Amino acid sequence: MSLKVTMLGTGVGIPQPGRSQAAILMESDQLLLLDCGAGTLLRLDQLGASLEDLDTVVLTHLHLDHVSDLMALANARYLADMPGLQVFGPEGTDVYFKIAKSVYPNLEEMDVAVRELLPMDSITLNGFDIFAEEARHSVTALAYRLEAEEKVVVYSGDTEPCPRVAALARGADLLIHECSFPEPFDVTNHTTPRKLGIMLKDQGVKRVILTHLYPQAAGCEDEMAEQVIELSGAPTIVGWDMMSVVI
Ligand SMILES: [Zn+2]
Ligand SMILES: [Zn+2]
């Protein structure tokens, strides 16, 4: 059994061609969805993925470009008479759903089970051994290391390059790291290629996919990947929606 990763959404909150909002589909013998930004349902449909098998979502944080399609997914499963959805996310996910249920009481009928994860938590979901680590973002955010089929995939979520995510990524077969802006943007809470390249030097990451690109990155994709490669030595490509890799 191989491990397949599909970039469903490689964009951000600002609409742009070819990039819907953050979402990644992990597939071994079972499915797991990481983040569920606006556009995810459409991408899943384009992929021909069965909603029946999509019963588990793991969120990095609660920014809208990572959660906008979550209730739409719960509703789609409910309308198709499928069992409930389980949602894992950082601190705040419980309150988010409690407030949502006060506006949409039928979320109760949709049977959405929520569990919060803390940094350093480990959990096994749908055949994936998952370890959570604290990212460095403007709100509480987690990065994840996922292991299945003896392969390791790390997803940064939204973050500035930081030592915790670097340690999480060490030796990974695939690192999916946000790279929101090209050089010479100077940003906090997000990542640019040079800082990422420096962070990844000597970390032994076998393959890197850049995601979460702002419109300012349009036209700079090749250059961004090259800058990361130049400083880190890690094979790096820029992700696009519907790109799949098998590891
Ligand atoms: Zn964010
Ligand atoms: Zn984001």
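The rules behind each value
- Residues numbered from 1 in each chain as written.
- Chains lettered and ligands numbered in written order.
- Predicted model: local features only at pLDDT ≥ 70, side-chain atom pairs only at ≥ 80, totals over all residues.
- Heavy atoms only, no water.
- Phe/Tyr/Trp six-rings, centres within 6.5 Å; stacked < 30°, edge-to-face > 60°.
- Buried < 20%, exposed > 50% of the residue type's maximum accessible area, 1.4 Å probe, protein only.
- Lys NZ or Arg CZ within 6 Å of the ring centre and 35° of its normal.
- Helix = DSSP H or I, 4+ residues; strand = E, 2+ residues; numbered from the N terminus.
- Pairing = 2+ DSSP bridges.
- Axes fitted to C-alpha atoms, helices over the stretch in contact; angles between N-to-C directions.
- Donors = N, O, S within 2.8 Å, 3.2 Å for Na, K, Ca; no water.
- Tetrahedral: all angles 85-135°; square planar, octahedral: opposite > 155°, others 65-115°.
- Core = buried A, V, L, I, M, F, W, Y, C linked by side-chain atoms within 4.5 Å.

Scanning the entire structure with this criterion turns up three aromatic pairs. Ring geometry for Y96 versus F97: centroids 5.5 Å apart, planes at 80°, classification edge-to-face. Classification of Y96 as partly exposed rests on a relative accessible area of 23%. Judged by centre distance (5.2 Å) and plane angle (25°), the ring pair of F181 and F185 falls under stacked. Through a chain of ring-to-ring contacts, the aromatic side chains of F181, F185 and Y214 assemble into a single cluster. Between R19 and the ring centre of W240, over which it is positioned, the NZ or CZ distance is 3.8 Å.

All right, on to unusual backbone geometry then. Cis geometry is found at the peptide bond from E183 to P184, where omega equals 5°. Located in the positive-phi region is N189, a residue other than glycine, with phi close to 70°. Its place among the elements puts N189 in the loop between β11 (174-178) and α6 (193-200).

It is worth spelling out the sheet that holds strand β10 (residues 151-155) at this point. Strands belonging to one sheet form pairs held by backbone hydrogen bonds; the direction of such a pair is parallel or antiparallel. The seven strands are arranged β7-β8-β9-β10-β11-β12-β13 in an open sheet whose pairing can be described as mixed. Where the open sheet ends on each side, the last strands, each with one partner, are β7 (122-125) and β13 (236-238). Taken over all neighbouring pairs, the strand axes of this sheet differ in orientation by 20° on average, direction set aside. Alignment of strand β12 (residues 208-211) against β13, held across three bridges, turns out to be parallel.

Before going further, it helps to examine the coordination of the zinc ion (ligand 1). At this site the zinc ion (ligand 1) is bound by H61 (NE2), H63 (ND1), H137 (NE2) and D158 (OD), with donor distances of 2.1 to 2.3 Å. Each of the four donor atoms around the zinc ion (ligand 1) contributes to a set of angles spanning 91 to 165°, which defines the coordination as irregular. Donor residues binding the zinc ion (ligand 1) come from one chain and are separated in sequence as H-x1-H-x73-H-x20-D. Here the zinc ion (ligand 1) and the zinc ion (ligand 2) are spaced 3.5 Å apart, linked through D158, which binds each one.

Looking at the zinc ion (ligand 2), the protein donor atoms are D65 (OD), H66 (NE2), D158 (OD) and H212 (NE2), and they sit 2.1 to 2.2 Å from it. Here the zinc ion (ligand 2) binds four donor atoms, and the angle range of 91 to 166° at the metal identifies the geometry as irregular. Sequence spacing of the donors to the zinc ion (ligand 2): D-H-x91-D-x53-H. A residue is classified by how much of its surface remains accessible, and D65, at 11% relative accessible area, is buried. H66 sits in the buried class, given a relative accessible area of 0%.

Grouped together as the largest cluster of nonpolar side chains are 27 residues, with contacts concentrated most on M26, L32, I130 and I176. Taken together, the elements giving at least two residues each to this core come down to β1 (4-9), β2 (23-27), β3 (31-34), β7, β8 (128-134), β9 (142-148), β10 and β11. Top element by residues in this core is β9. It accounts for four residues.

Limitation: the analysis is restricted to geometry and does not speak to function.
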